[in-house]
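Spelled out, the chains give:
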Amino acid sequence: MKFYKDHYDVIVIGGALAGLSAALMLADKGKDVLVLERHNLPGGIASSFVRGGIEIEAALHEMMSIGEKDNRLKVGKFFDDMGVDIDWLKVPEAYHASLPGIEKTMHPGLETFAREVDEEVPGTYDKVLSLLKLCDTVFNSVNELSIHPMSKAKMLIKHEAFVKTAGYSTKEVLDTFDLPQKALDLLAPYWIYVGSGFSELPFTIFAVLMADYIGYGSYIPHKFSHEMSLKMAERAEAMGVQIEYRQQVDKILVKDGRVYGVKTARGDEIHADYVISSAYPNKVYTSMIEPKSAVPAGAIKMVNGRRLSLTAFSVIMILDKPAEELGIKDYSVFRGETMDTDKLYAELKGLGPYHYLTCICHNLANPDATPAGTCSYSITTLPRVDGWKTVKAEDYDKVRREVAKQMIDYMSAYLGVNLLDHILEIVIETPMTVNRYTNAWNGCIYGYAHTMEDHIVARLQTAEAESFIKGLEFSGAHQISGDGMGPAVTNGRKAAKNVLDAMAKEAKGK
Ligand SMILES: Cc1cc2nc3c(=O)[nH]c(=O)nc-3n(C[C@H](O)[C@H](O)[C@H](O)COP(=O)(O)OP(=O)(O)OC[C@H]3O[C@@H](n4cnc5c(N)ncnc54)[C@H](O)[C@@H]3O)c2cc1C
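Keep in mind that this is a model prediction, so the values were computed, not measured. (Residues numbered from 1 in each chain as written. Predicted model: local features only at pLDDT ≥ 70, side-chain atom pairs only at ≥ 80, totals over all residues. Heavy atoms only, no water.)

Caption draft 1: Quick peek at the side chain of Thr-124. For Thr-124, the position within the fold is in the loop between helix H3 (110-120) and helix H4 (125-147). Given a relative accessible area of 4%, Thr-124 falls into the buried group. From its side chain, Thr-124 meets the backbone oxygen of Val-121 in a polar contact 2.7 Å long. Residues within four places of Thr-124 in sequence aside, it is in contact with Val-117, Asp-118, Leu-179, Pro-180 and Ala-183. (Helix = DSSP H or I, 4+ residues; strand = E, 2+ residues; numbered from the N terminus. Buried < 20%, exposed > 50% of the residue type's maximum accessible area, 1.4 Å probe, protein only. Polar contact = N/O pair within 3.5 Å; in protein donor to acceptor, adjacent residues only side chain to side chain. Contact = heavy atoms within 4.5 Å.)

As structure tokens, this is what we get:
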């Protein structure tokens, strides 16, 4: 039997969440799809690993856009529709905020959240609720518009709040609510998950983040994020998708401005009408297009013009006692010395010390996360790639250990327990780890930064002009819906939709 068919409708580069979502959607429409994954497992960052006989989540803190079983949001619904049956566990709280003058656990639900802010800052209930409702309205508009684009005039009538706030930063919109600083601090902790300071972060992005996480709560799969990848891959294969692991795509083949296949590191040349790439456009346009002369100048200009968003530095530990014995009371804690997001964003450019950390104890949403008598605890910051690019190979081990130690000490002081005395297993994930494992450009997990000059609305408008090579689509954190595991699924679906639309158009033209 031949390893590959003579021809496929679509080749997907990368068998992680974005690539597998694209493959599922295409297979659902009867297309012949090949997924090529360079690793020996599906999932990319959505993975787990085993140390000392204990399975450990590699990344996931919380998934957005899942929703309750009878009221699914778009990502949860996609899994259901595709027959990918995930055992979702709801995260019990939004987060615990440990900030100057604040120790407060916040819970999902717009009214609940507004009431909890009001408990700390009396008299703010109405304003906070109306802010959260505005976020919810914008969120619904974004969801509708990402599926049914419409004319500007129609948008103005049907999606007034979205249009009205689209050109403003988060800071500008928050300022109009005239809330006391403490209330703003309680509303801000999730900002790090979209990675720009509030002066630069488009309000649209903040609104989506808040409405999704605060309005509907967050979820994790019972068997770690790898449950998603494994079940997606299993379902895709059952639907006829061919997935080949340990197959790195080195080249995307182009002739007369259109893709016609790929070449793997093993030397196979495989043909297809369409290619969907999880590899970053930066990687594709600088080294993967063959011949090089087929790279349009605009493509290089585009990748050079985009600023890379955040990467990750995570200290993941298995501790020798249950959470409650170590003073760990909350699933998710954001701890910082300020909630000035612009200042914190500037700090992320360096190599630490980092003064804003996010900590997760999976056992508090998933009692099966680790063996009895132990718990998992991860401490994460999401730095910018700039600082980490300056680390020399000979200094790498020292730097990562120093940064990890600072973060462990910072959280030990908060818990009143020396975490160093309780570590059974420890893994330090750096931007280099992410880069080595998934090939993410500079280890960047969040694609391109959301800024006022380059945000989702602008990207929707330039998407067609940025389609530089016919038949080549991209899926992953670097695409329109941006960063995170939920958005990776949405980005994969969008790439598949673009391919299906192009196929339909071509069939009509024949
Ligand atoms: C520590 C950490 C914590 C995180 N926490 C969260 C969280 O709580 N919630 C959340 O939503 N998101 C979180 N994220 C971000 C999230 O994991 C990513 O945004 C998302 O998983 C990206 O998915 P992807 O499919 O776009 O890409 P990736 O997971 O990067 O996958 C890309 C895939 O393509 C393959 N590939 C690349 N190049 C080639 C090639 N040339 N040939 C063949 N295969 C190739 C890679 O091997 C990989 O499998 C976290 C990330 C980290 C690192």
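Caption draft 2: Fine view of the packing of aromatic side chains. Following the criterion strictly, the structure yields 19 aromatic pairs and no others. Aromatic pair Phe-3 and Tyr-4: ring centres 4.7 Å apart, planes at 80°, arrangement edge-to-face. By relative accessible area, which is 35% here, Phe-3 ends up partly exposed. Residue classification places Tyr-4 among the buried positions, given a relative accessible area of 7%. The rings of Tyr-95, Phe-113, Tyr-190, Trp-191, Tyr-193, Tyr-213, Phe-334 and Tyr-356 are connected pair by pair, giving a single aromatic cluster. Sitting above the plane of the Tyr-274 ring, Arg-258 keeps its charged end 5.0 Å from the centroid. Above the face of the Phe-3 ring, Arg-266 is positioned so that its terminal group lies 4.4 Å from the ring centre. (Phe/Tyr/Trp six-rings, centres within 6.5 Å; stacked < 30°, edge-to-face > 60°. Lys NZ or Arg CZ within 6 Å of the ring centre and 35° of its normal.)

Caption draft 3: Structural context of the side chain of Thr-264. Counting through the fold element by element, Thr-264 comes out in strand S13 (residues 258-264). By relative accessible area, which is 3% here, Thr-264 ends up buried. Not counting chain neighbours up to four residues away, the residues in contact with Thr-264 comprise Leu-36, Gln-247, Gln-248, Val-249, Asp-250 and Ile-270.

Caption draft 4: Seen up close, the domain arrangement of the protein. Here the protein is described as being made up of domain 1 (8-71 + 74-84 + 224-306 + 449-509), domain 2 (92-216) and domain 3 (310-438). Averaged C-alpha coordinates put domain 1 and domain 3 at centres separated by 29 Å. With 17 residues of domain 1 at the interface, the matching set in domain 3 holds 19 residues. Overall, the association of domain 1 and domain 3 removes approximately 1,500 Å² of surface from exposure, summing both partners, and the carbon and sulfur fraction of that is 61%. (Domains from an automatic or database assignment. Buried area = accessible area lost by both parts, 1.4 Å probe.)

Caption draft 5: Inspection of H3 at higher detail. By the burial criterion, the buried members of H3 are Leu-110, Phe-113, Ala-114, Glu-116 and Val-117. End-on, the buried residues of H3 take up no more than an arc of 160°, which puts them together on one face. (Arc of directions from axis to C-beta.)

Caption draft 6: Just the pairing of strand S8 (residues 95-99), in detail. With respect to burial, S8 is a largely interior element, five of its five residues being buried. In S8, alternate side chains face the same way, and those of Tyr-95, Ala-97 and Leu-99 on one face and His-96 and Ser-98 on the other are all buried. Of the pairings in the sheet, the one linking S8 to strand S9 (residues 102-106) comprises five bridges and is antiparallel in character. Each residue of the ladder has a partner; that of Ala-97, found in S9, is Lys-104. As consecutive antiparallel partners, S8 and S9 are separated by two residues, and within that stretch Gly-101 has a phi angle of approximately 75°, a positive value. (Pairing = 2+ DSSP bridges.)

Caption draft 7: Geometry of the sheet that holds S9. Across the sheet, seven strands lie side by side as S9-S8-S17-S18-S19-S16-S20; this open sheet has mixed pairing. Strands at the two margins of the open sheet, each flanked by one partner only, are S9 and strand S20 (423-429). Direction aside, the axes of adjacent strands within the sheet are offset by 15° on average. (Axes fitted to C-alpha atoms, helices over the stretch in contact; angles between N-to-C directions.)

Caption draft 8: Representation of the site of the ligand. If you check the shell around the ligand, you find 34 residues, and the closest are Glu-37, Ile-45, His-61, Val-249 and Met-485. The backbone of Gly-44 places a nitrogen or oxygen atom 3.5 Å from an oxygen atom of the ligand. Out of a free accessible area of 1,000 Å², the ligand has 96% covered by protein chains. The dominant element in the shell around the ligand, judged by the number of residues it contributes, is helix H18 (residues 485-509), at three residues. Residue composition of the shell around the ligand, grouped by class: 17 nonpolar, 13 polar and four charged. Each of two domains, domain 1 (8-71 + 74-84 + 224-306 + 449-509) and domain 3 (310-438), supplies a minimum of three residues to the shell around the ligand. (Near = heavy atom within 4 Å. Areas by Shrake-Rupley, 256 points an atom, 1.4 Å probe, with all protein chains shown as cover. Nonpolar A, V, L, I, M, F, W, Y, C, P; charged D, E, K, R; others polar.)

Caption draft 9: How the structure looks around unusual backbone geometry. Here the bond from Glu-290 into Pro-291 is cis, since omega is 0°, no more than 30 degrees from zero. In this fold, Pro-291 is placed in the loop between strand S15 (289-290) and helix H12 (297-305). In the segment running from Gly-352 into Pro-353, the intervening peptide bond is cis, with an omega of 0°. Counting through the fold element by element, Pro-353 comes out in the loop between helix H13 (341-347) and strand S18 (356-360). Positive phi, normally seen in glycine, also occurs at Asp-256, with a value near 50°. Structurally, Asp-256 can be placed in the loop between strand S12 (249-255) and S13. For Asn-439, which is not glycine, the phi torsion reads 75° and is therefore positive. Here Asn-439 shows up in the loop between helix H16 (431-438) and helix H17 (456-462).

Caption draft 10: How the structure looks around the nonpolar core. Among the nonpolar cores identified, the biggest contains 127 residues, and Tyr-190, Tyr-285, Tyr-377, Ile-379 and Leu-472 are the most heavily contacted of them. Considering each element in turn, this core owes the most residues, 10 residues, to H4. Ignoring any residue separated from it by four or fewer positions in sequence, one finds Tyr-377 in contact with Val-315, Ile-316, Met-317, Leu-319, Ile-328, Cys-359, Ile-360, Cys-361, Met-411, Leu-415 and Leu-419. In terms of nonpolar packing, the next biggest core, distinct from the first, is built from 47 residues, Val-10, Val-12, Ala-22 and Leu-24 among them. (Core = buried A, V, L, I, M, F, W, Y, C linked by side-chain atoms within 4.5 Å.)

Caption draft 11: Molecular detail of the pattern of salt bridges. Counted under the stated rule, the structure contains 21 salt bridges. Asp-80 serves as the salt-bridge partner of Arg-72, at 2.9 Å between the closest nitrogen and oxygen. According to the relative accessible area criterion, Asp-80 is partly exposed, its value standing at 36%. In this structure, the salt-bridge partner of Glu-290 is Lys-263, at a minimum N-O distance of 3.1 Å. Residue Glu-290 is found in strand S15, and its partner Lys-263 is found in strand S13; the two are separated by 27 residues along the sequence. (Salt bridge = Lys/Arg side-chain N within 4 Å of Asp/Glu carboxyl O.)

Caption draft 12: Here's a closer look at the environment of Ile-300. Counting through the fold element by element, Ile-300 comes out in helix H12. In this structure, Ile-300 is in contact with Tyr-285, Thr-286 and Val-295, ignoring residues within four places of it in sequence.

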